[in-house]
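# Report on the structure
The lines below spell out each chain.
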Amino acid sequence: MENKQKGRTEMKRFLAVALTMAITLGLIPAAARDKEITVTVNGSKVRFPDEQPFEQSGRVMVPVRFVSEELGAEVNWHEQTQTVSVIDSSHAAALTIGAKEVTADNAAVTMDVSPVYRNDRTYVPLRFVSEALGAE
């Protein structure tokens, strides 16, 4: 009985490694790995020049700069504190990498997914960006 369990565990490990290698080597088509996510603001598709949106924990994560700027906001990265600020004429938000609690219009707000820093981009839930800047 113990040997069967050990064999199953080893098989699961082997399959996980094989799948990872297949994805890495491009043996599985991109469409099967990631679904393309498009973001539209006021009827125009947002262009993401280097990093693309992705799904995490049921949330669409977007590079905060491109969507925020499309909505007319200014985005600033503060390396020392790992914080990004998003400001427009009537709204302001500050988000820290890895922290679910953010500040939006001087009020503390808790998101269900924290901002992520990946490949020199800060990703945040799309819904938060739009709501923080008063978009519908």
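Residues numbered from 1 in each chain as written. Predicted model: local features only at pLDDT ≥ 70, side-chain atom pairs only at ≥ 80, totals over all residues. Heavy atoms only, no water.

Moving on, we get to the sheet that holds strand 7 (residues 92-96). Pairing between the strands of a sheet is mediated by backbone hydrogen bonds and can be parallel or antiparallel. Spatial strand order, 5-6-7-8-9: five strands in an open sheet with antiparallel pairing. Across the chains shown, the open sheet's two edge strands, defined by having one partner strand only, are strand 5 (74-78) and strand 9 (107-110). With direction set aside, neighbouring strand axes in the sheet form an average angle of 20 degrees. Two strands pair when backbone bridges link them, and strand 7 and strand 8 (residues 101-104) are joined in this way by two bridges, in the antiparallel orientation. Bridge pairing in strand 8 links Ala93 to Ala104. (Pairing = 2+ DSSP bridges. Helix = DSSP H or I, 4+ residues; strand = E, 2+ residues; numbered from the N terminus. Axes fitted to C-alpha atoms, helices over the stretch in contact; angles between N-to-C directions.)

By secondary structure assignment, the location of Val124 is in strand 11 (residues 121-125). In this structure Val124 comes out as buried when scored by relative accessible area, which is 0%. Separated by 59 residues in sequence, Val124 and Arg65 have C-alpha atoms that sit 9.7 Å apart. If sequence neighbours within four positions are ignored, Val124 has contacts with Val60, Met61, Val62, Val64, Leu95, Pro115 and Val129. (Buried < 20%, exposed > 50% of the residue type's maximum accessible area, 1.4 Å probe, protein only. Contact = heavy atoms within 4.5 Å.)

With antiparallel pairing, the four strands of this open sheet are ordered in space as 3-4-11-10. Single-partner strands in this sheet number two, and they are strand 3 (54-56) and strand 10 (116-118). The mean angle between the axes of side-by-side strands here comes to 40 degrees, regardless of whether they run parallel or antiparallel. Looking at chain direction, strand 4 (residues 59-63) and strand 11 are connected through three bridges and run antiparallel. Directly across from Pro63, in strand 11, lies its bridge partner Tyr123.

Coordinates in, geometry out; function isn't part of it.
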